[in-house]
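Here is how the chains run, residue by residue.
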Amino acid sequence: MLTDPLTAAIAEAEKLVATAPHIRTEQDLVEGYSYLAGGISACVHATFAYSRSHPVFVTGTGPYTKMGLDNPDTLYWGASIRDDAEYVVTGRRGTTCDLSFQVLAGNYTDAEVPGNVTAFDDRALTIADDGTFEVRFGPGPRDPDRNYFPLAPGSSQLVVREVYSDWTQRRGMLSIHRLDSLGVPAPEPTHQDAVTRYERAGRALVSRVKTWLQFPEWFYLKLPVNTVTEPRRTPGGLDTQYSSVGHYELGDDEAMVLTLPASDAPYLGFQIGSLWYISLDYIHHQTSLNNSQAQVDPDGMVRIVVSARDPGLTNWVETLGRSRGILQFRWQRLDRELTAADGPTAEVVPFDRLSEVLPFHDSNRITPEAWAQRIADRQRGVADRMLA
């Protein structure tokens, strides 16, 4: 059967999921199977959309195709490129907080992080008054006046991120074309093309599962539990991005209080994730906060409470019953170095002592009606984003 390589890869990926070392509960396993379904969908879609001569932007992760600790505030787009060709990216700038471009050499695997060849945000571009822009990538020298950026040897992926600091912001428009094939029809697929694509989809799926099971081991789980790092440049990430990371393990009668100063960064986001290295449900639950969603205390500090039980506080981040998980802060669109003073501290306290620990506990409280409104805003924000 033509699909045999894919079905064999699905069976292999299912075994990897079912035997993942972090599984302790039925919830862990069920989440793994959902994660697997999203991976199958994403890999088949990306593989059959792939074209060396006629590239397109494809989203490899989203609410139902999660991977790589996907940021609930970000839309991700990627296109395959070659270092010896020239490409034009045209678009219209939306109202999102950040629009960034990154050229990578290679792929994320369970053995390495791809090299970061070029990374910049839209501040490096000339954008017309109506928000339209044109960016070129190719083997030629850098030419900022023409929005031209060189492709170093080995360049293989162009990744674009749109980041929301407010979920009422609107995304822009984006397209990519290889200049020597613009106006030329793409070749019709052959039987061998279909065979090859099913094989590639299968390999991509297995690699995807292996890769993102490895990342927590590399960057999180070797850190002391219930701590967070100082802000640091994100491995394999953007030049203007810092992150602070950690992992938690909490009992039902415990809470973690994360405290950090309100930032001058245009974007600051916090999320928790599962040990599948994916976001938790951020549509129907508050499993993330950014600098427009989080409440700032009168002393200029943001205090986030991570717990399974509802403390009735505005900055509660829900664990959804997961006793263990990933912690991640991201600062983006920075134009200065971050220091330890910009970063968070973490303290685990008895859940019943939150009112004693939080200096502005009374003003942090939220009514059930106001909480329901926050969730409704999240639901509408994601729905609008996906259809914008």
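Cut-offs and rules
Residues numbered from 1 in each chain as written. Predicted model: local features only at pLDDT ≥ 70, side-chain atom pairs only at ≥ 80, totals over all residues. Heavy atoms only, no water. Helix = DSSP H or I, 4+ residues; strand = E, 2+ residues; numbered from the N terminus. Rg over C-alpha atoms; globule rule 2.2 N^0.38 Å. Buried < 20%, exposed > 50% of the residue type's maximum accessible area, 1.4 Å probe, protein only. Contact = heavy atoms within 4.5 Å. Areas by Shrake-Rupley, 256 points an atom, 1.4 Å probe, with all protein chains shown as cover. Lys, Arg positive; Asp, Glu negative; His and termini not counted. Charge placed at Lys NZ, Arg CZ, Asp CG, Glu CD. Axes fitted to C-alpha atoms, helices over the stretch in contact; angles between N-to-C directions. Parallel < 35°, antiparallel > 145°, perpendicular 65-115°, else oblique. Expected span 1.5 Å × (residues − 1). Domains from an automatic or database assignment. Buried area = accessible area lost by both parts, 1.4 Å probe. Salt bridge = Lys/Arg side-chain N within 4 Å of Asp/Glu carboxyl O. Pairing = 2+ DSSP bridges.

Looking up the chain in an unreviewed UniProt entry gives the name DUF1214 domain-containing protein, with the organism given as Rhodococcus pyridinivorans.

Time to look at the overall build of the chain. Of the regular secondary structure elements, the chain holds six helices and 18 strands. Relative to the 2.2 N^0.38 estimate, which gives 21 Å for 388 residues, the radius of gyration of the chain is 22 Å and therefore close to what a compact globule would have. Over its C-alpha atoms, taken along the principal directions, the chain stretches across nearly 70 × 55 × 35 Å. Counting only residues that meet the buried cut, the chain has 50% of its 388 residues in that class. For the chain, contacts bridging at least 24 residues in sequence account for 76% of all contacts bridging at least 6. Carbon and sulfur atoms form 53% of the exposed surface of the chain, whose accessible area is close to 17300 Å². For the chain, the distance from the average site of its 36 positive side-chain charges to the average site of its 50 negative ones is 3 Å.

At their nearest, the axes of helix H1 (residues 4-18) and helix H3 (residues 191-219) sit 7 Å apart, and the two run at 10 degrees to each other. Here H1 is positioned roughly parallel relative to H3, judged by the angle of their axes. Taking contact as the criterion, the partners of Pro5, Leu6, Ala9, Ile10, Glu12, Ala13, Leu16 and Val17 in H1 are, on H3, Tyr198, Glu199, Ala201, Gly202, Leu205, Val206, Val209, Lys210 and Leu213.

Note on helix geometry: an α-helix contains 3.6 residues per turn, so any two residues three or four positions apart are oriented the same way. Taking 1.5 Å per residue as the helical rise, helix H6 (residues 368-387) with its 20 residues ought to reach 28 Å, and the 29 Å between its terminal C-alpha atoms agrees with that figure. Among the residues making up H6, those that are buried are Trp371, Ile375, Ala376, Arg378, Gly381, Val382 and Arg385. If you follow the buried residues of H6, they end up packed against strand S1 (74-80), strand S14 (288-290) and strand S16 (316-318).

The next point concerns the domain arrangement of the chain. Often, the extent of an interface is quoted as the loss of accessible area upon association of its parts. When its domains are assigned, the chain resolves into domain 1 (3-214) and domain 2 (221-387). A C-alpha centroid distance of 27 Å is found between domain 1 and domain 2. Contact residues are listed per partner, giving 46 residues for domain 1 and 43 residues for domain 2. Together domain 1 and domain 2 conceal approximately 3900 Å² of surface at their shared face, both sides included; 51% is due to carbon and sulfur atoms.

To continue, consider the environment of Leu69. Secondary-structure assignment places Leu69 in the loop between helix H2 (26-49) and S1. A C-alpha to C-alpha distance of 8.5 Å links Leu69 and Trp212, two positions 143 residues apart in sequence. Dropping the residues within four chain positions of it, Leu69 is found in contact with Tyr220, Gln271, Gly273, Tyr277, Ile278, Ser279, Ile326, Gln328 and Arg330.

It is worth spelling out the side chain of Arg378 at this point. With respect to the helices and strands, the residue Arg378 is situated in helix H6. With no salt bridge to any partner, buried Arg378 finds its closest opposite charge in Asp73, at an N-O distance of 6.4 Å. Ignoring any residue separated from it by four or fewer positions in sequence, one finds Arg378 in contact with Trp167, Tyr282, Ile283, His285, Gln286, Thr287, Ser288 and Gln293.

Residue position: Gly60 is located in the loop between H2 and S1. Residue classification places Gly60 among the partly exposed positions, given a relative accessible area of 23%. Sequence separation between Gly60 and Met173 is 113 residues, and the spatial gap between their C-alpha atoms is 17 Å. Apart from residues no more than four positions distant in its own chain, Gly60 is found in contact with Ala42, Thr65, Met67, Tyr76 and Arg208.

Checked against the element boundaries, Arg136 lands in strand S5 (residues 132-138). Arg136 sits in the partly exposed class, given a relative accessible area of 22%. Placed 100 residues apart in sequence, Arg136 and Leu36 show a C-alpha to C-alpha distance of 36 Å.

For the rest of this paragraph, the subject is the pattern of salt bridges. According to the stated counting rule, one finds 19 salt bridges in the structure shown. With its nearest N and O atoms 2.7 Å apart, the salt bridge here joins Arg123 to Asp121. Note that Arg233 and Glu337 form a salt bridge whose closest N and O atoms lie 3.0 Å from each other. Here the residue Arg233 occupies a position in strand S10 (residues 232-233), and Glu337 occupies one in the loop between strand S17 (324-332) and strand S18 (345-350), the gap between them amounting to 104 residues.

Our focus in this paragraph is the pairing of S17. Across the nine residues that make up S17, a large majority, nine, are buried. In terms of strand pairing, strand S11 (residues 242-249) meets S17 through eight bridges, oriented antiparallel. Its bridge partner being in S17, Tyr242 is matched across the sheet by Trp331. Inspection of the sheet shows strand S13 (residues 267-273) paired to S17 by seven bridges, in the antiparallel sense. If you follow Leu268 over to S17, its bridge partner there is Trp331.

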